[in-house]
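Tertiary structure, described
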Amino acid sequence: MTAHTRETLKALFAPKSVAVIGASTKPDSLGRVVFKNIIFSGYTGVVYPVNPKAHSILGVKAYPSVVDIPDEIDLAVIIVPAVAVASVLDECGRKGVRAAVIISAGFKEIGEEGARREAELQQIAQRYGIAMLGPNCLGIINTDPSVSLNATFAPGMPRQGNIAFISQSGALGVAALEYAQRQKIGLSKFVSIGNKADLHENHLLEYLKDDPLTDVVLLYVEDLEDPQGFHRLATEITSERPKKIPILAIKSGRTLEGAKAATSHTGALAGSDEVYDSVFMQSGVLRVETIEELFDYAVAFAQQPLPKGNRIAIVTNAGGAGILATDAAVRYGLQLASFTPETAQKLRELLPPTVNVANPVDMTGEPNEQRYDTIVRTVLADPNVDGVIVIAAPHILMSLENIARNIVRAVQETHSDKPVLACLMAVTDARPAIEILETINIPNYSFPERAARALAAMARYRDWVHRPRTEYRIFRDIQIERARELIAQAKRDGRRVLLEPEAHDLLKAYGFPMLKYRLVRTEDEGLHAAHEIGYPVVLKIVSPDIVHKFDVGGVKLNIQNDTELRESFRQMLTDVTRTKPNARIVGVFVQEFIKGGKETILGLKRDPLFGPLLMFGLGGIYVEALRDVTFRLAPVRELGIQRMIRQIRGFKILEGFRGEPPSDIDAIAECLARLSQLATQMEEIVELDINPLIVLEKGHGARVVDARIVVA
Ligand code: ADP
Ligand code: MG
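Residues numbered from 1 in each chain as written. Chains lettered and ligands numbered in written order. Predicted model: local features only at pLDDT ≥ 70, side-chain atom pairs only at ≥ 80, totals over all residues. Heavy atoms only, no water.

We now examine the overall build of the chain. Secondary structure summary: the chain contains 24 helices and 29 strands in total. When the backbone C-alpha atoms are referred to their principal axes, the chain occupies close to 95 × 80 × 40 Å. For the chain, with 712 residues in total, the buried portion stands at 57%. Of the contacts made within the chain by residues no fewer than 6 positions apart, 72% connect residues no fewer than 24 positions apart. With the model as given, the accessible surface of the chain reaches about 29600 Å², and the carbon-plus-sulfur share is 51%. Averaged over its 82 positive side-chain charges, the chain has a centre that lies 1 Å from the centre of its 87 negative ones. (Helix = DSSP H or I, 4+ residues; strand = E, 2+ residues; numbered from the N terminus. Buried < 20%, exposed > 50% of the residue type's maximum accessible area, 1.4 Å probe, protein only. Contact = heavy atoms within 4.5 Å. Areas by Shrake-Rupley, 256 points an atom, 1.4 Å probe, with all protein chains shown as cover. Lys, Arg positive; Asp, Glu negative; His and termini not counted. Charge placed at Lys NZ, Arg CZ, Asp CG, Glu CD.)

Take a look at the structure:
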């Protein structure tokens, strides 16, 4: 990441002077809109329009070039045609401008010629140490009253608030700004990063983490420029500093390159979006799917305290709404609190005698505005309750405003430090009631499930912040020299894929639990090996030209005796010669047969961008079809490994399902920890599949059955 000091970034976020190069007199031109926005946003610094053809713009004296401005310039906002940007930026450099926002399009996004132009900008920015945002971006907004700058072409200045928004897409940025304005959501900063030729998400996060006016960061990204750096930084921001800032992200678009050409299961699966899921998860970043969800969560985080646990109370006047909220709450990981006897007693007194006191607290359709005070008060006081959702369905005899007032009073007078989210469902306009809630920052949601989901996100984040910190497991029983020698041997022979026995030897050197195995050339040798290993055994073809042995008849399972062995041996060679006539056959792998257990897959893929990725999932021959896998950037700590295992959809199968005994999850964890160590020590290994790792019943361990290792 190009280094920029905080001072340089300050010139971007809080400039004392701005030059708008390409400011224009033409109505509706971007150059005019941006200039107008700066003036009308109430910018506290000095703004200079630059345009060689204009005398003045909107009544402000214009300069022919940035170098003609008789003042120091912190920030240049550039909106000239793409071909002219480089020379303008160079002038900025000579002028001593410290930051630049390149709004102009016509760069990397249009192809090769544009990419060349962009590279030129990069060089110029670097030469002068300019912090450059864009090109092809919407600009930057800072609502801090001491700055009050809208240097974008988006209409209108957002309200001031404590939510910062970084967007890779300009169009989506505009849509999001509009949504925020409509919903009256306040922002602290808005930054559109465009093509990220210089500044990217990490630079901005680095700045925002120390911004006293930002309490939540929203990210819209299509890709991460430096995922490893992002991981470190996001982990720090979300959980390691005195002031913890939640990060919510939408990730769309491009997946990793080269995934299609992969020769391993891990390689094939690592191209997918799951990798981003994992990086976010590993960094405490909450990933969301839609803009609506993004802001739903953002306002909850921005306005309410985090819950201390996941037990919530739901208060409602409509049973159906309560059920919707409950379903969503449970689906997203919350629990309905069980009230203390004191609370239950109080509620019985407050509710009509016919009501069965439970959670959700259903106060029935009987019109009684007062209960929104007394009942909210009561559940907030209950030590078993970590957060409250208050729902009001419209009622002809109740006023939403009065309900809002009662909720506000209850929350204020109990001095509660628990999150309260509201769902006032108006028939026509809930705005007046919502404004009453806003006086003490209670967010309102138009539907109960949205409130429940937002509260669940807060509980998840709280769990992340308070997660137990564990270490990396280090294994000292590893024969690293032996592992290196195996790789060197393959390379001497000009092979990038290790042969079956080599891969097994390497994993053995790394302390993985292996089945007994021998490499043989003849049937008689095979017989001898089977006797040494003991029946039942398995035969597998060993060939550098065969990736999936099973598919070509190259695996014969559960061989019980000498007769079967001879038969299988011949049959396998016949089958393989028929299906793969040109395959070079190195020999036959005789392996101990293992009965029962569950098939899992462990993988490693060294990605040029992400670095070493570990994969875990349900294994066997259907992995690509099931895609039930998780990824982590290696190395992974002990707890990370536990979470990784528990995260797959099929985890229930490993836990013991329909009376089956539970699997040895500790054995999987140990294998993953060994793989994590291998990933950091054996940099030459670019892909590795253990498929399957058969995991036995709890206490009986796991066994590597099949391994494939590709070196650089
Ligand atoms: P490939 O993946 O190249 O087709 P494998 O060695 O993974 O070959 O074998 C295919 C399948 O055969 C495995 O997924 C597993 O179900 C089964 N299998 C292979 N070896 C053994 C063994 N030693 N014991 C039990 N089952 C085995
Ligand atoms: Mg296999």
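From this point, the narrative continues.
This next bit is on the coordination of the magnesium ion (ligand 2). Within the protein, the atoms that donate to the magnesium ion (ligand 2) are Asn-691 (O) and Asp-706 (OD), at distances of 2.2 to 2.3 Å. Of this pair, Asn-691 sits in strand E27 (residues 685–695) while Asp-706 sits in the loop between strand E28 (702–704) and strand E29 (707–711); the two residues are 15 residues apart in sequence, bridging distant segments of the chain. (Donors = N, O, S within 2.8 Å, 3.2 Å for Na, K, Ca; no water.)

With that settled, consider the nonpolar core. If you look at the biggest cluster of nonpolar residues, it comprises 63 residues, and the most contacted ones within it are Leu-12 and Leu-133. Of the residues that make up this core, three or more belong to each of domain 1 (6–299) and domain 3 (468–513 + 595–712). Setting aside its immediate chain neighbours within four residues, Leu-12 contacts Leu-75, Ala-99, Val-101, Leu-133, Ile-140, Leu-199 and Leu-204. Ala-298, Met-425, Ala-451 and Ala-457 belong to the second largest nonpolar core, which has 53 residues in total. (Core = buried A, V, L, I, M, F, W, Y, C linked by side-chain atoms within 4.5 Å. Domains from an automatic or database assignment.)

In this section: the packing of helix H14 (residues 400–414) against helix H15 (residues 431–438). For the pair H14 and H15, the least separation of the axes is 8 Å and the interaxial angle reads 10°. When the axes of H14 and H15 are compared, the pair comes out roughly parallel. Note on element contacts: H15 touches H14 through Pro-432, Ala-433, Ile-436 and Leu-437, opposite Leu-400, Glu-401, Ala-404, Arg-405, Ile-407 and Val-408. Counted by class, the contact of H14 with H15 contains eight nonpolar, no polar and two charged residues. (Axes fitted to C-alpha atoms, helices over the stretch in contact; angles between N-to-C directions. Parallel < 35°, antiparallel > 145°, perpendicular 65-115°, else oblique. Nonpolar A, V, L, I, M, F, W, Y, C, P; charged D, E, K, R; others polar.)

So, on to the environment of Arg-450. With respect to the helices, strands and loops of the structure, Arg-450 is situated in helix H16 (residues 448–465). Under the relative-accessibility criterion, Arg-450 is labelled buried at 14%. In contact with Arg-450, not counting residues within four places along its chain, are Tyr-179, Glu-292, Asp-296 and Tyr-445. A distance of 3.0 Å separates polar atoms of two side chains, one belonging to Arg-450 and the other to Ser-446. (Polar contact = N/O pair within 3.5 Å; in protein donor to acceptor, adjacent residues only side chain to side chain.)

The next thing to look at is the site of ligand 1. Residues in close proximity to ligand 1 total 18 residues, the closest being Lys-540, Lys-549, Phe-550, Glu-599 and Asp-706. Here an oxygen atom of ligand 1 sits 2.7 Å away from a polar atom, N or O, in the side chain of Lys-540. Glu-592 is positioned with one of its backbone polar atoms (N or O) 2.9 Å from a nitrogen atom of ligand 1. Relative to its unbound accessible surface of 540 Å², ligand 1 loses 91% to contact with the protein. Contributing elements (two or more residues each) for the shell around ligand 1: strand E21 (537–542), strand E22 (555–559), strand E23 (587–592) and E27. (Near = heavy atom within 4 Å.)

So, about the sheet that holds strand E13 (residues 247–251). One open sheet holds the seven strands; their spatial order is E9-E8-E11-E10-E12-E13-E14, and the pairing between them is mixed. Where the open sheet ends on each side, the last strands, each with one partner, are strand E9 (149–152) and strand E14 (286–287). In this structure, strand E10 (residues 160–167) lies alongside strand E11 (residues 187–192), joined through six bridges in parallel fashion. Of the residues in E11, the one forming a bridge with Ala-164 is Lys-189. Running at roughly 175° to E13, helix H10 (residues 291–303) makes contact with E10, E11, strand E12 (216–221), E13 and E14 of the sheet. (Pairing = 2+ DSSP bridges.)

You can see Gly-387 is positioned in strand E18 (residues 387–392). The class of Gly-387 is buried, set by a relative accessible area of 0%. Residues Gly-387 and Leu-421, 34 residues apart in the sequence, show an inter-C-alpha distance of 8.2 Å. The residues contacting Gly-387, other than those within four sequence positions of it, are Arg-311, Ile-312, Ala-313, Pro-419 and Leu-455.

Looking now at the domain arrangement of the chain. When the domains of the chain are assigned, the result is domain 1 (6–299), domain 2 (305–465), domain 3 (468–513 + 595–712) and domain 4 (516–593). Summarising the inter-unit geometry, the C-alpha centres of domain 1 and domain 3 are found 40 Å apart. Between domain 1 and domain 3, the residue contacts involve 24 residues of the former and 28 residues of the latter. Both sides of the domain 1 and domain 3 interface together cover about 2400 Å² of buried area, and 59% of this is carbon and sulfur. Across the contact surface, domain 1 and domain 3 share zero salt bridges. Elements that contribute at least two residues to the side of domain 1 that touches domain 3 include exactly helix H7 (227–240), helix H8 (265–269) and helix H9 (274–282). (Buried area = accessible area lost by both parts, 1.4 Å probe. Salt bridge = Lys/Arg side-chain N within 4 Å of Asp/Glu carboxyl O.)

With that out of the way, let us pick up empty space enclosed by the protein. One pass over the structure, following the stated rule, counts one cavity of 30 Å³ or more. In this structure, the largest cavity spans a volume of roughly 30 Å³. Around the largest cavity, the lining residues are Asn-317, Met-363, Thr-364, Glu-366, Asn-368, Arg-371 and Met-398. (1 Å grid on protein atoms, 1.4 Å probe; cavity = no way out; pocket = protein on both sides within 12 Å on 5 of 7 lines; lining within 4 Å. Points joined across faces, edges and corners; volume = space filled by probe spheres on them.)

This model, assessed by the stated rule, comprises ten aromatic pairs. Taking the centre distance of 6.0 Å and the plane angle of 70° together, the rings of Phe-165 and Phe-295 count as edge-to-face. A residue pair is termed long-range when its members are at least 10 positions apart, and Phe-165 in strand E10 and Phe-295 in helix H10 qualify at 130 residues. Of the two residues, Phe-165 and Phe-295, both sit in the buried class. Taken together, a centroid distance of 5.9 Å and an interplanar angle of 70° make the contact between Phe-230 and Phe-280 edge-to-face. Here the residue Phe-230 occupies a position in helix H7, and Phe-280 occupies one in helix H9, the gap between them amounting to 50 residues. Three or more aromatic residues link up through ring pairs in this structure, and these residues are Phe-165, Tyr-179, Phe-190 and Phe-295. Positioned over the ring face of Tyr-276 is Lys-251, at 4.5 Å from the centre of the ring. The ring of Trp-464 is capped by Arg-467, whose NZ or CZ atom sits 3.6 Å from the centre of that ring. (Phe/Tyr/Trp six-rings, centres within 6.5 Å; stacked < 30°, edge-to-face > 60°. Lys NZ or Arg CZ within 6 Å of the ring centre and 35° of its normal.)

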